[in-house]
Structure formats: structure tokens, C-alpha cells
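The chain contents come next:
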Amino acid sequence: MGAYMTYKIVTKTNIPEFKKELFSVNRRFSDFLGLHSKLEEKHAHLGRIVPPAPEKSVIGMTKVKMSKEDDGTLAHDEFVEKRRASLERYLNRTASHAVLRLDSDFREFLQLDADLPKATNTSALSGAGMKRLFNRVGISVNKMTYKMDESDEWFEEKQQQLENLDDQLRKLHTSVEALVHHRKQLSLHTASFAKSAAMVGNAEEHTSLSRALSQLAEVEEKVERLHEKQADADFFVLAELLKDYINLIAAVKEVFHQRVKVFQNWEAAQQTLTKKRETEAKMHLAGKTEKLDQAKADIAEWEANVQKGQHEFEEISQTIRKEVDCFEKQRVIDFKSSIIKYLDSLIDDQQQLIQYWEAFLPEARAIA
């Protein structure tokens, strides 16, 4: 029997639809993927932005090289923490949605103190499978022969803004990836420098110089840990935020695509209604009165379908406007919070760095 990891989810809420204010459950990673599959199936076609499923490989787009790759325990612990953080962000984004947080499957996921039914088709929603899915969606949209004649300037502008934002976020994410790698490498080289300085200090016969080199090695060890800490901030605060929003933009694009599909269905109903009316007119001219009743019934049916199609198009358009408005407000809040958190981390680390060097400076001056 294969081993697997479970995650403890602690929920605190005052929403009356939940049975308790504080409760916890244990869930497998596949349960998260199953939850996303259910929510997407029920809500995406209605124009609701469903937060993307967490990736099976949390490294995903950000290929972070471990600072100590030969340490299997360290690599495992880092992987587990990155996945845990990814799952936590996914649940919080879902819980912040006014409709999704009340969904029966979401409430069951958080409340049911038992194993959930085994999720199906989870492999297609994660890792390489998820990337292939997004690629197929992108290809299918690009190759669509159907072209919607957009009459709403708001949607036209938003789609262009999303494309531009997506492009710039991807470029920034690539830059942050490089920054994470740079800091990891800097940490490795600083550790190497600290060891070399310590060895030179042990070999040095001059007492004050030997002591200063030994102290320098200790300072560099502390600096190494600061670089490692800052690399984590680069990843968890910046890179993961950017990755989340790149995936969220893909979800926003998907609801725009759903709107196009609804419009296409409405237009197809209008075309069918036109054909039915033309058929009725031909029957009148040909004197085929025996089939007129059926023709009128068909026309009435398709008039209802056209009205339904128009209503569904107006509904999904209105829903998407509200969803995008919430998405944009939350994006500003998230980026502001992350930037402040990141700057605070940078300032703290720089202040700590200054303290290390100021404490070492008298030892260097004491060399005689």
C-alpha cells in the first residue's frame, strides 16, 4: 500500500451556513484537485472565476534550485512547505469568493470529518497535465473559425488589458525566478567563502589576524543564512504571487471564452429561428396548410430558445463584470500587501546585515 501525505485544514468562520465556528479536517492532495474539478464544472460556465487548482508539482513554473541538493531531508521539507503554502492560498482564494465559499462541495470539503470519495481525472488538473490542458484551451481558442463581433467596449478593453497584464506578469515572473536562483547561488558562494576564511584563520600564525579571519568566517555564515532567508522571501512573497495571478488570469480568460460560447449558442438559435420562419413562409406560398401548425409550434419553440439565449448571455455578461471587478480590487490588495511584506523583509535583513558588519569592524581594526 503506497504512502501518501495528508494536510490538516483548520477553519475558523462566522458564516451561518457552516455547522461550527472552528473545525478541522485532514485532506489528501488529490482531494484538493477533486474539489477544483467540481467547482469549475458547476460555476465556470456561469461566468464565475474559479481559482485554479494547485499544481501537483509546486515547483511548476518556478524552477528553484535547492541550496543543498545533496540533503534529501532539506529538499523534502522545502517541497512540503511550498506545497502547503500553495494549498493554503488556494483555499483562501476560494473562501474569499462570495458564492464559492457557500458551495456544498466546498463546505463538505472543509467540514466532513471523513475521507472524501476518491477524485477522478485529477492527473489532468495538475502538473504537466494541467499545462497541456491550458495549452489545448489556448490552441482551441486561437484556431476557432467563429469570430464574435464584440459590441461591448468594456469587454473588448478588458480582454486587451488582460493580455497585456498576462504578458508583463510572465516577464516579471521570469525575472524573479532569476533573482531567486541568484540569491541561492550567492548563499552557496558565501558559505564557501566562510569555510575558506575559517581554514585560513586556522592556518594563520598571527594571533590578531587569525582571530579576525575566524570572526569574519562566523559573520559570513550569518550572512549566508540571510541570503537564504531573502531567497525564500523572493520565492514565497513575490514569485508565488506572480504565479498565482498568471494562473488566475487564465481562469478569467476562460470565463470570457464561456461568454463567447453562450453568445454563439444564442446566435445559432437566432439563425435556426430565421430558417423556421422562412420555412413557414414557403409553406404559405405553396399552400401546404397541413404542416403550418407544426411550423408555428417550431417557431414558438425557437423564439423561446432565442429569448433564453439572450437572457443567458446577459446574465453571464453581468456576472463576468462583477467577477472581474472583484478580481481587480483583490489584485490591488494582494500586490500591495505582498510588496509591503517584501520591503519589510528586505529592510529587516539589511539592518541585520549592517549590525553584523558593525560588530565585526572593531575586530578588523584590532589587527596589529
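Rules of the game
- For every chain, the first residue of the written sequence is number 1, and numbering continues from 1 along that sequence.
- Given that this is a predicted model, residues contribute local features only at a pLDDT of at least 70 and side-chain atom pairs are listed and counted only at 80 or more, while totals for whole chains, interfaces and linings are drawn from all residues.
- Each side-chain value is derived from all of the structure's non-hydrogen atoms; neither hydrogens nor water enter the calculation.
- Only DSSP runs of H or I with at least four residues qualify as helices, and only runs of E with at least two residues qualify as strands; both kinds are numbered from the N terminus onward.
- Burial status follows relative accessibility: with a 1.4 Å probe on protein chains alone, a residue under 20% of its type maximum counts as buried, one over 50% as exposed, and anything between as partly exposed.
- In this analysis, two residues are considered to be in contact whenever any of their non-hydrogen atoms come within 4.5 Å of each other.
- What we call a nonpolar core is a set of buried Ala, Val, Leu, Ile, Met, Phe, Trp, Tyr and Cys residues that are connected through their side-chain atoms within 4.5 Å.
- We define a polar contact as two N or O atoms separated by no more than 3.5 Å, with the added condition that, inside protein, one atom must be a possible hydrogen donor and the other a possible acceptor, whereas residues neighbouring each other in sequence contribute only through side-chain atom pairs.
- Classification of ring pairs rests on two measures: the distance between centres of Phe, Tyr or Trp rings, Trp counted by its six-membered ring, which must be within 6.5 Å, and the angle between planes, read as stacked under 30 degrees, edge-to-face over 60 and tilted in between.
- Ring-over charges, as used throughout, are those where CZ of Arg or NZ of Lys falls within 6 Å of the ring centre and within 35 degrees of the ring normal.
- Put simply, a patch holds well-exposed residues, over 30% relative accessible area, that have no salt bridge, with like charges counted together within 9 Å and Val, Leu, Ile, Met, Phe, Trp or Tyr side chains within 5 Å.
- Residue-level accessible areas treat just the shown protein chains as cover; the underlying method is Shrake-Rupley with a 1.4 Å probe.
- By convention in these notes, a salt bridge is any Lys or Arg side-chain nitrogen within 4 Å of a carboxyl oxygen on Asp or Glu.
- For two strands to count as paired, DSSP must find a minimum of two bridges between them.
- Per-residue confidence from the predictor is reported as pLDDT, which spans 0 to 100.
- Residue count minus one, scaled by 1.5 Å, sets the expected span of a helix.
- Helix axes are fitted to C-alpha atoms over the stretch in contact, other axes to C-alpha atoms as well, and angles between N-to-C directions run from 0 to 180 degrees.
- Reported orientations rely on four angle classes, namely roughly parallel under 35 degrees, roughly antiparallel over 145, roughly perpendicular from 65 to 115, and oblique for the rest.
- By convention, the crossing between two helices is left-handed when the near helix turns anticlockwise from the far helix through less than a right angle, and right-handed when the turn is clockwise.
- Lys, Arg, Asp and Glu make up the charged group, whereas Ala, Val, Leu, Ile, Met, Phe, Trp, Tyr, Cys and Pro make up the nonpolar group; the residues left over, Gly among them, are polar.

## Brief notes about the overall build of the protein
- In terms of regular secondary structure, the protein is built from seven helices and two strands.
- When the helices and strands of the protein are placed in sequence order, the string is β-β-α-α-α-α-α-α-α.
- The 368 residues of the protein split such that 41% are buried.
- The contacts in the protein between residues at least 6 apart in sequence include a share of 78% that link residues at least 24 apart.

## Notes on the nonpolar core
- With 37 residues, the main nonpolar core has Leu 169, Tyr 245, Val 252, Phe 256, Ile 320 and Phe 327 as its most contacted residues.
- Taken together, the elements giving at least two residues each to this core come down to helix H5 (153-203), helix H6 (207-286) and helix H7 (292-365).
- It is H6 that contributes the most residues to this core, 21 residues altogether.
- Once residues within four sequence positions are removed from consideration, Leu 169 is found in contact with Leu 242, Tyr 245, Ile 246, Ile 249 and Phe 335.

## A short note on helix H3 (residues 104-111)
- Buried within H3 we find Asp 105, Phe 106, Phe 109, Leu 110 and Gln 111.
- The residue sitting at the N-terminus of H3 and contributing the capping side-chain oxygen is Asp 103; that oxygen lies 2.8 Å from the backbone nitrogen of Asp 105.

## As for the environment of Ser 96
- For Ser 96, the location among the structural elements is in the loop between helix H2 (72-95) and H3.
- Through-space distance from the C-alpha of Ser 96 to that of Gln 330 is 9.6 Å; in sequence the pair is 234 residues apart.
- Among the polar contacts made by the side chain of Ser 96, one reaches the main-chain carbonyl oxygen of Arg 93 at a distance of 2.7 Å.

## Considering the packing of aromatic side chains
- Per the stated rule, a full pass over the model turns up 12 aromatic pairs.
- Aromatic pair Phe 263 and Trp 266: ring centres 5.8 Å apart, planes at 90°, arrangement edge-to-face. Here the residue Phe 263 and the residue Trp 266 both occupy positions in helix H6, the gap between them amounting to three residues, near one helical turn.
- When its relative accessible area of 14% is taken as the criterion, Phe 263 is described as buried.
- Members of the aromatic cluster, connected to one another through ring pairs, are Tyr 7, Phe 32 and Phe 109.
- The cationic tip of Arg 259 hangs over the ring face of Phe 155; the distance from NZ or CZ to the ring centre is 3.6 Å.

## What to know about a nonpolar patch on the surface
- Together, Ile 339, Leu 343 and Ile 347 line one region of the surface with nonpolar side chains, adding up to about 260 Å² of accessible area.
- Summarising the element assignment, Ile 339 is placed in helix H7.

## Some points on the pattern of salt bridges
- According to the stated counting rule, one finds 25 salt bridges in the structure shown.
- The shortest N-O distance in the salt bridge between Arg 93 and Asp 334 comes to 3.0 Å. Of this pair, Arg 93 sits in helix H2 while Asp 334 sits in helix H7, and the two are 241 residues apart along the sequence. There is no split in this pair, since Arg 93 and Asp 334 are both buried.
- Here Glu 163 ties to Lys 253 by a salt bridge, and the two come within 3.4 Å at their closest N and O atoms. Of this pair, Glu 163 sits in helix H5 while Lys 253 sits in helix H6, placing them 90 residues apart in sequence.
- Connected through salt bridges with shared partners, the residues Arg 89, Arg 93, Glu 240, Lys 243, Asp 244 and Asp 334 form a single ionic network.

## Here we look at the pairing of strand S1 (residues 6-12)
- Going residue by residue along S1, you find Tyr 7, Ile 9 and Thr 11 tucked away on one face and Thr 6, Lys 8, Val 10 and Lys 12 left uncovered on the opposite face.
- Two strands pair when backbone bridges link them, and S1 and strand S2 (residues 22-28) are joined in this way by seven bridges, in the antiparallel orientation. Bridge pairing links Tyr 7 to Arg 27 in S2.

## A closer look at the confidence of the model for the protein
- Confidence in the prediction for the protein averages 88 pLDDT; 86% of positions are at 70 or higher.
- Taken as a whole, residues 136-144 scores under 50 in pLDDT and shows four contacts with residues more than four places along the chain or in a different chain.

## Describing helix H1 (residues 29-43)
- The end-to-end C-alpha distance of H1 is 22 Å, a good match for the 21 Å that 15 residues give at a rise of 1.5 Å each.
- Of the residues making up H1, those classed as buried are Phe 29, Asp 31, Phe 32, Leu 33, Gly 34, Leu 35, His 36, Ser 37, Leu 39 and His 43.

## Quick notes on the environment of Ala 269
- Mapping Ala 269 onto the fold places it in helix H6.
- What makes Ala 269 buried here is its relative accessible area of 5%.
- Beyond its immediate sequence surroundings of up to four residues, Ala 269 is in contact with Trp 302, Asn 305 and Val 306.

## Some details on the packing of H5 against H6
- Running from N to C, H5 and H6 cross one another at 165°; their axes reach a closest spacing of 7 Å. Judged by the angle between their axes, H5 and H6 are roughly antiparallel. Crossing of H5 over H6 shows left-handed handedness.
- Among the residues making up the contact of H5 with H6, the classes are represented as 30 nonpolar, nine polar and 15 charged.

## Notes on the packing of H1 against H3
- Relative orientation of the contacting elements H1 and H3 amounts to 165°, with a least axis distance of 9 Å. As judged from the angle between their axes, H1 and H3 are roughly antiparallel. Judged by the sense of rotation from one axis to the other, the crossing of H1 with H3 is left-handed. In this structure, H1 contributes Asp 31, Phe 32, Leu 35, Lys 38 and Lys 42 to the contact, and H3 contributes Ser 104, Asp 105, Phe 106 and Phe 109.

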